[in-house]
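Each chain is listed here by its residues.
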Amino acid sequence: MAVATQAAPPAVETPSPRSRRRPLLLVAVALVGLAAGWWLLLGPGSGGDDAPREPVAGEVLALEPITMNLADGRLLKVGLALQLVEGAGEEHPVSGSVALDEAITYLGGHSVAQLTPPEARQKAKAELSKRVAERYHHEVLEVYFTEFVMQ
């Protein structure tokens, strides 16, 4: 006689509470990663706002005119004004002595004939502005001639 045996029903495994939390943890980590990526690449932390900005003009420091010798023995009376960047001189005051020294050094090497044409004066002013800005660690944007008399 054959005895019929019944197969046992398949055992149903109930997931442990630990294995149910794993997908939620993975989703949470993915969301945090996406948020951090957005913040670094596209958001306020992307560096787009930290890009160097054009300096903002601050006050103008007018200097007393000086008279100097030119390379050809003639005289130049020049007055200068320094266009400072906003906030320049907050840590230490900006004096005009460095700018005057640079003006004497640079302009004194020219002759009246070299400085007479208007284009030559503009070129000299642009070069003097560049030199003065470097000497003042870019706290000066530009140099203006307030007086320019050759004799």
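Up top is the structure.
Residues numbered from 1 in each chain as written. Predicted model: local features only at pLDDT ≥ 70, side-chain atom pairs only at ≥ 80, totals over all residues. Heavy atoms only, no water.

Enquirer: When you look at the side chain of H110 in this model, what are you seeing that I'm missing?
Expert: The topology assignment puts H110 in the loop between α2 (97-107) and α3 (112-115). A polar contact of 2.9 Å, which involves the side chain of H110, links it to the backbone oxygen of Y106. In contact with H110, not counting residues within four places along its chain, are L70, A71, D72 and L115. (Helix = DSSP H or I, 4+ residues; strand = E, 2+ residues; numbered from the N terminus. Polar contact = N/O pair within 3.5 Å; in protein donor to acceptor, adjacent residues only side chain to side chain. Contact = heavy atoms within 4.5 Å.)

Enquirer: Can you walk me through α2 in this structure?
Expert: For an α-helix, the turn length of 3.6 residues means that residues three or four places apart are oriented alike. Of all the residues in α2, the buried ones are A99, E102, A103, Y106 and L107. Along the axis of α2, the buried residues cluster in a sector spanning 105°; they form a single face. On the buried face of α2, the contacting elements are β2 (66-69), β3 (75-85), α3, α4 (118-135) and β4 (140-150). (Buried < 20%, exposed > 50% of the residue type's maximum accessible area, 1.4 Å probe, protein only. Arc of directions from axis to C-beta.)

Enquirer: How should I be thinking about the environment of E86 in this particular structure?
Expert: Among the secondary structure elements, E86 is positioned in the loop between β3 and α2. Residue classification places E86 among the exposed positions, given a relative accessible area of 57%. Along the backbone, E86 and E59 are 27 residues apart, and their C-alpha atoms lie at a distance of 7.0 Å. If sequence neighbours within four positions are ignored, E86 has contacts with V56, A57 and G58.

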